[in-house]
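Residue-level structure breakdown
Here are the chains, one letter per residue:
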Amino acid sequence: MDANPHRLRPWVYSLLLHGGIVLFLVLSFHWSSSLIPSLGGHNPEAEPVKATVVDQALIDQQMAMLKAEQQKKQAEKQQLEQNISSLKQQQASAQQQLNQQVSDLQKQAQTEQDKLAKLKAQDQALAQKQKTADTNARRKALADEIASEERNRDARMASLLQKWEALIQQKIINNWVVPPSTNDDLSCLVLVTQVPGGTVTNAQASTCNGDDAVVQSIITAVYRASPLPAPPDPSLFYQGRTLKLTFKKPQPP
Amino acid sequence: MKMLRFGLLVLVVALFTAGCARNVKPVAPAASTAPAPAAATTQAAPPPTAPQVSPLDDPNSPLANRTVYFDFDKSDIKPEFLDTLTAHAKYLVANPTQKIRIEGYTDERGTVEYNIALGDRRAQAVRRFMLFQGVSADQITTVSYGESLPADPGHDETAWAKNRRAIIVYIR
Amino acid sequence: MTMLRNSVFLTIAVVLLLLPIAGPHATLEIEITSGVNTASPIAVVPFRYDGVGQPTTDVADVIGSDLTRSGRFKALGVKDMLEKPTEASAVNFNNWQVLKINDLVIGRVKQVGGGYSVEYQVFNVYTHQQIMGYSVATSAARLRYTAHFISDTIYQKLTGQRGAFTTRIAYVEISGHEHYALIVADSDGYNAQPVFESATQPILSPAWSPDGHQIAYVSFENTMPAVYLQDIYSGKRELLSRREGINGAPVFSPDGKSLAMTLSSSPGNPDIYVMDLATKQLRRITTSDAIDTEPTWSPDGQSLYFTSDRGGTPQIYKVSAKGGEPQRVTFDGSYNADAQVSPDGRSLAMVHRDSGNLYVSVMDLASGTLTTLTNGGLDKSPSFAPNGSMIIYAATYHDQGVLEEVSVDGQVHERLSERQNGVDVHAPVWGPFLTSGQ
């Protein structure tokens, strides 16, 4: 039992190390996607404002109108007060009436102010929503673009790889003189190694059920085809450093 | 008057002998020796009897035609040869000991052994005709050479037409 | 310390293990299901001669011509060779790779006593490996035969198929349109020897026995066609049939015991018969009133193909060798005749006539497809080489009857040596494989 903690320790170290590596990998993956928004240089704030300018003008207009109205009412009020002061003695009820009117107006102004405040609040809320939606849309669009670009690139590479295979296949076909003794069930596997530039450095038949003449013809065909065609994209070369060629008996057209 | 009569007689005799002289064909060189003087002095030789010519050797006889020609790939007797074949048949009926061999041939535009068979068909067509005319079967043998022994070794229509034939060979 | 090291190794190992799964493949897998039918380029370097005077045969030239004539190889001309090595140590393979030559043959002819010793080596130009090397002892008289023998061995090694260069052919030669001779020669036309002659009467339809010792043929020597059998070594002749009418188209069964032929069953009615060569008994095979002729045996000896115009015009039919109801085999065009079965039994060579022109054609028995191989217009009498790779036939060239050989794929054509004016050659037949020494 004494040895146990000592025996466990390496395992702990190991686990930690592995965990750390995995974590590193996981984290690094996420990092790559969060780097996306640094594209462009637009100020996201600018756009939503554009949308509300019109509204703002309207509200300003409304506000101005209300303010104007308000001022008007103020002026009237003043006028009335003057009249009141001159007619104070005369008409106390009139003053009361006027007071009533003022308080009504004040109430109106208040409701309109409330309205304005409400609109302002709405406007702000709208602005906020727009800003978030826009950013999210941007982010999503960019993520989609990157994913599609990656898919295109993969597809392009895959089709280029296919094209390379076809080029190699055709050159070998053009150089394979098929002997008459080729058996109907021929299946001959040849492992080929090439170096950049296409020169074949090794060609060996592994499993092959053809006779001597067939094997000879196949090995000859591979060497005659050297140097093999270069891949359409040089970065593909390492994918075809070795080739596994399977020769089958050609069927009559 | 007598002078005139005598002259006429001489004239007539001279005319006759002149005619006779024309009928005589030069025969063997031995007959003409010294240069013959005028017909009046030399006796004109009597017209020789015609030699006995067998119809088989007579170039003017219809039996002189021994070849019957055929159309491409065909073995039926063409109408233009019926008279000739009839003549041969008649002769054979009249001479039952006379034997013939009918040889059938073709042009080269076919395979060798099929052409043997086609030539045989042509020979048989002639043979059947003969038998129908009453010729006895034991007077006729047939053989087919097919495209062998062509009459014309050329390789065109003219040559080929000459090779599509059946020949009657009298066996002596 | 060790534990830490162990864990590090373990990690590295795991990471390394994971990498191939995570990363891309480094091997491409490609299937090759087609090739080309062209002749394989080969070079046969003139053999060195170690001896007095000159050898009786240019061995390398015979080998090169043989291989090229088969259609499967194309021998490089001597003037195009960049070097002419006669020993393996002198070979520079680059000089042959640059010419795109696949295989290289070098050799030496050494005079030994009254004969020769011929050594030869064959190399694959790309792998530089020697594929084969032999030494053959022979006599001066047999040097050409030995060259053909070497061609056979090279052909077999490189194609997997038996060579037919030591085989012989027979044919009929006609001089002045009436002098006939039955000739036996090497498969390339050399060493021609007459085995039977006739001053005026035709010789037709020669046929080889399976052992190559005898030839059956038709002779008109008595102004009647008759079938004769002749031993070409002893010259002994035997009359087999001289019935009334046609006696023709003799052909040996694959086991050599029977002879099929055409006989007139009645005047004007040729039919196929089979004769037992031991008893001379005849068995009638066809019974129609039409022309039935030109029989040929299937390689298993069970069936006969023949020409019949029972359908109106000549076509090929097949019937059991025991007799029975024939089945029509050809349906292309209105004239197909003189069928020959290939040694592997899979195809029929025949003469196909189109608008009056004759062509040698080959029909695949499985699919029924007919392929024309020649274009002379007067091509006939096709005969397969015993390895099925070539067909010899009679053609007309410049108004003369000549022999030509064509590879079964129609790619290579060769006219055998022409003769002087006035000599025509007909009816070629290719002899069988011979056991050595014949």
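Residues numbered from 1 in each chain as written. Chains lettered and ligands numbered in written order. Predicted model: local features only at pLDDT ≥ 70, side-chain atom pairs only at ≥ 80, totals over all residues. Heavy atoms only, no water.

Attention now goes to the overall build of chain A. Across its full length, chain A holds four helices and three strands. Along the chain direction, N to C, the helices and strands of chain A fall in the order α-α-α-β-β-α-β. For chain A, the proportion of its 253 residues judged to be buried stands at 23%. Taking all contacts inside chain A whose residues are at least 6 apart in sequence as the whole, residues at least 24 apart take part in 73%. Accessible surface computed for chain A: about 17600 Å², of which carbon and sulfur atoms make up 57%. (Helix = DSSP H or I, 4+ residues; strand = E, 2+ residues; numbered from the N terminus. Buried < 20%, exposed > 50% of the residue type's maximum accessible area, 1.4 Å probe, protein only. Contact = heavy atoms within 4.5 Å. Areas by Shrake-Rupley, 256 points an atom, 1.4 Å probe, with all protein chains shown as cover.)

This part is about the packing of aromatic side chains. Residue and element names in this part refer to chain C. Tallying each qualifying case throughout the model produces 15 aromatic pairs over all chains. Here Tyr120 and Tyr134 contribute two aromatic rings whose centre-to-centre distance is 6.0 Å and whose plane-to-plane angle is 45 degrees, an arrangement assigned as tilted. Remark: Tyr134 occurs in strand E7 (residues 130–139) and Tyr120 occurs in strand E6 (residues 115–124); sequence separation between them is 14 residues. Judged by its relative accessible area of 1%, Tyr120 falls in the buried class. (Phe/Tyr/Trp six-rings, centres within 6.5 Å; stacked < 30°, edge-to-face > 60°.)

Okay, helix H2 (residues 82–94) of chain B next. Helix length check: H2(B), at 13 residues, gives a terminal C-alpha distance of 18 Å against a target of 18 Å (1.5 Å per residue), a fit within 8%. Inspection of H2(B) places Thr84(B), Leu85(B), Ala87(B), His88(B), Ala89(B), Tyr91(B) and Leu92(B) among the buried residues, and these make up the whole buried set. (Expected span 1.5 Å × (residues − 1).)

Let's shift gears to the packing of H2(B) against helix H3 (residues 112–132) of chain B. Residues and elements named next belong to chain B. In contact at an axis separation of 9 Å, H2 and H3 are set at 55 degrees when each is read in the N-to-C sense. Classed by the angle they form, the pair H2 and H3 counts as oblique. The two elements H2 and H3 cross, and the hand of that crossing is right-handed. Here Leu82, Leu85, Thr86, His88, Ala89 and Leu92 of H2 come into contact with H3, specifically with Val126, Phe129 and Met130. Here the contact of H2 with H3 is composed, by residue class, of seven nonpolar, two polar and no charged. (Axes fitted to C-alpha atoms, helices over the stretch in contact; angles between N-to-C directions. Parallel < 35°, antiparallel > 145°, perpendicular 65-115°, else oblique. Left-handed = near helix turned anticlockwise from the far one by under 90°. Nonpolar A, V, L, I, M, F, W, Y, C, P; charged D, E, K, R; others polar.)

The subject of this paragraph is the state of the cysteines. Residue and element names in this part refer to chain A. Summed over all chains, the structure comprises one disulfide over all chains. Paired by a disulfide, Cys188 and Cys208 hold their sulfur atoms 1.9 Å apart. Where Cys188 bonds to Cys208 through sulfur, the torsion about that S-S bond is close to -100 degrees, and the disulfide is left-handed. Here the residue Cys188 occupies a position in strand E1 (residues 187–194), and Cys208 occupies one in strand E2 (residues 200–208), the gap between them amounting to 20 residues. The class for Cys188 is buried, based on a relative accessible area of 1%. (Disulfide = S-S within 2.5 Å.)

Nothing here speaks to function; it is geometry throughout.
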